[in-house]
Structure formats: C-alpha cells, structure tokens
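Descriptive structure summary
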Amino acid sequence: MNNKPKTVTTIKQMKEQGEPITMITAYDVAMARNVNEAGIDMILVGDSVGNVMLGYTSTIPVTMDEMIQHTKAVVRGNSTALVVADMPFMSYQADMADAMYNAGRFLKETGCTAVKLEGGQEVAPLIKKLTTAGIPVVAHIGLTPQSVNQLGGFKVQGKEMAAAQQLIDDAKALEEAGAFACVLECVPAALATKVTQSLKNMVTIGIGAGNGCDGQVLVCNDLLGVSNGFTPKFVKKYANLHDITIDAVKSYIADVKSREFPAEEHTFKIDDSVLEKLY
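Because the structure is a prediction, the values reported are computed rather than measured. (Residues numbered from 1 in each chain as written. Predicted model: local features only at pLDDT ≥ 70, side-chain atom pairs only at ≥ 80, totals over all residues. Heavy atoms only, no water.)

1. Quick notes on the packing of helix α4 (residues 64-77) against helix α5 (residues 96-110)
What counts here: As a rule, the C-alpha atoms of each element are fitted with a line to give its axis, helices using only the stretch in contact, and angles between N-to-C directions run from 0 to 180 degrees. Every helix listed is a DSSP run of H or I at least four residues long, and every strand listed is a run of E at least two residues long, numbered separately from the N terminus. Crossing handedness is defined as follows: a turn of the near helix away from the far one that is anticlockwise and smaller than a right angle gives a left-handed crossing, while the clockwise case is right-handed. Here a residue-residue contact requires only that any non-hydrogen atoms of the pair lie within 4.5 Å. Three classes are used, and their members are as follows: Ala, Val, Leu, Ile, Met, Phe, Trp, Tyr, Cys and Pro are nonpolar, Asp, Glu, Lys and Arg are charged, and the others, Gly among them, are polar.
Axis separation between α4 and α5 bottoms out at 9 Å; the angle between their running directions is 35 degrees. In the crossing of α4 with α5, the sense of the turn from one axis to the other is right-handed. Of the residues in α5, those in contact with Met64, Asp65, Met67, Ile68, Thr71, Lys72 and Val75 of α4 are Asn102, Arg105, Phe106, Glu109 and Thr110. Here the contact of α4 with α5 is composed, by residue class, of five nonpolar, three polar and four charged.

Put into structure tokens, the structure is as follows:
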C-alpha cells in the first residue's frame, strides 16, 4: 500500500494510469482514521452530514460552520487521503466574493485540500476564479441534492436527449474551468461512461453512475449498513453494523441488568487496610 499522502496530482495520475479511484464520504475523526487505515484515496466531507449525522431531512439547512466543524474533525483523523469539503447550500450561489471567502475558509481553517460545489456551466466562472486563486475544485453534476426542489425530487438525470447532451457539455465546461474532478450522481451508466471518455484530464467519480467512471464514492454509513432504513439502488452494503450494534447493545443491557457487567476484570482494587480505616 502506498502511504504517501494523495494530492491533486496523484489523483490525476491515477486516471492517466487507468487505476480506479476510491472515495468515501465521512464526517468524523474515528471514521477518517478507519478509512485511512483501509487505504482509501479520497474522503469527501459531504453536506449529506445534514441527513446522516444531524437529522435534517435534506442538505439545505446545513451551514458553513457545521461543515467547517466536521471537516476539521476528518482532517484531524486523516493521514494519506485527499480530503474534499462540500460547500453547503447558498455558501457560493449568491455572490462571487462570498463564494471565494467561504472556499478559502475551508482551506485555511480545516486544512482540507479541495472544495466541492454543485452545478454545470453556470458555476464554471466561479471554478475558474477559485482554481486561479489556488483552491482545487471538485465539481458535481447529474442529481445535485442542493437543487432537488428544482429537479422535482431524487431521480435519475440525463435520460432524455437534451438532458444527456447538457451533462456532456457541462462536464466539458467544468474541465475547461479547471475542476480536477467531478462527481456524477444518478446518471445512466452508458452516459456516465460517455462523459468520462469525452474528457481530457478531469477525473469522474460516480455514485449511481456505473463502473465506467474513473472512480466511485459511497457514504460510509451506507456501505457499512449503519441503519436499516431506505437504501438507494446504487448502494452496496459491505457490512451490517445496524444489526451488530443492536445485538451488542442488547447484550450490554442484559449484562448490566443481571449484574454480570462490570465483572472483576473490568474493575479496580483498593487495599482492605485502606477500607478498614474509612468511617
């Protein structure tokens, strides 16, 4: 395993060499340490923290301060992966100056390497300005959760001719603007492959976009099976931590109720001579 820290350059080299890129969305120091130990290439601190960790029903309420806090935690637990921070809703859409300031906050305050923002050709001027200022950018097209109200819900994007061509045009514009990578979410596999093949050097990271992309991303809680709720079609569960957790907690409850825990090996001793002197 290569223990050298991943950089934008090494991620691009992986694409050139045809080596698939692995990305996991994580939100805290413990998970960052775990996925680093496993050898992950990139960590995305997603604004999906709103749904997964904070109990929001969408990503819309997530604030800059919440994203900064979780990104700091991930960076503290990181050693070799390239960390990307999601710019939350309305942290970059309204004003170019605000967008530059907020993107700069991520790099200055958290130590992450890059920021991610959603949108196609309409955000290309911002991406060009960010990259010119030395801020690496990951783009995001297809199903863009921050625009879910406008898109009419969570559904596959690019199935019709005009929409499919728009995705290709957007990807090319984002590459031209300087984005080094782009997430393709909920895009037909054949279209995602075509988008990837149409690009010169921008890395494509798929989620629900087939295996023709340069890399893949899944949310840590999804691939680990932390909950037993709705699971998107594109998720493969590699573990069932929900059942493991429930069983473990039930065993703990039973041991406490029966006074089997804590046992002698879990306790500390005091000399009888000390106890005898107490009153």
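2. A look at the nonpolar core
Filter applied, for reference: Each nonpolar core is a collection of buried residues, namely Ala, Val, Leu, Ile, Met, Phe, Trp, Tyr and Cys, held together in the definition by side-chain atoms within 4.5 Å. Buried means the residue's accessible area, taken with a 1.4 Å probe over protein chains only, is under 20% of the maximum for its type, while exposed means over 50%, and partly exposed covers the values in between.
Counting residues in each nonpolar core, the largest one holds 59 residues, and the members touching the most others are Ile43, Phe106, Leu117, Ile127, Leu130, Leu174 and Leu184. At six residues, the largest contribution of residues to this core is made by helix α8 (residues 161-177). If we ignore the near neighbours within four places in the chain, the residues touching leucine 130 are Ala99, Met100, Ala103, Leu117, Ile135 and Val137. Within the second largest apolar cluster, 18 residues are counted, among which are Leu82, Ala114, Phe180 and Val203.

3. Examining the UniProt feature "binding site: Mg(2+)" (unreviewed entry) in the chain
Rule in force here: UniProt positions are given in the numbering used here, feature names are shortened, and annotations may be inferred rather than shown by experiment. In the analysis that follows, any N or O atom pair within 3.5 Å is treated as a polar contact, provided that within protein one partner can donate a hydrogen and the other can accept it, and provided that, for residues neighboring in sequence, both atoms belong to side chains.
Residues annotated in UniProt with the feature "binding site: Mg(2+)" (unreviewed entry) correspond here to Asp47, Asp86 and Glu118. With the annotated positions falling across 72 residues, the maximum pairwise C-alpha distance of 11.1 Å places them together in a single cluster. Looking at the secondary structure, you find aspartate 47 in the loop between β2 (42-45) and α3 (49-52). Relative to the helices and strands, aspartate 86 is located in strand β3 (residues 82-86). In this view, aspartate 86 contacts Leu44, Val45, Gly46, Asp47, Met67, Phe106 and Lys116; residues no more than four positions away in its chain are not counted. A polar side-chain atom of aspartate 86 sits 2.9 Å from the main-chain amide nitrogen of aspartate 47.

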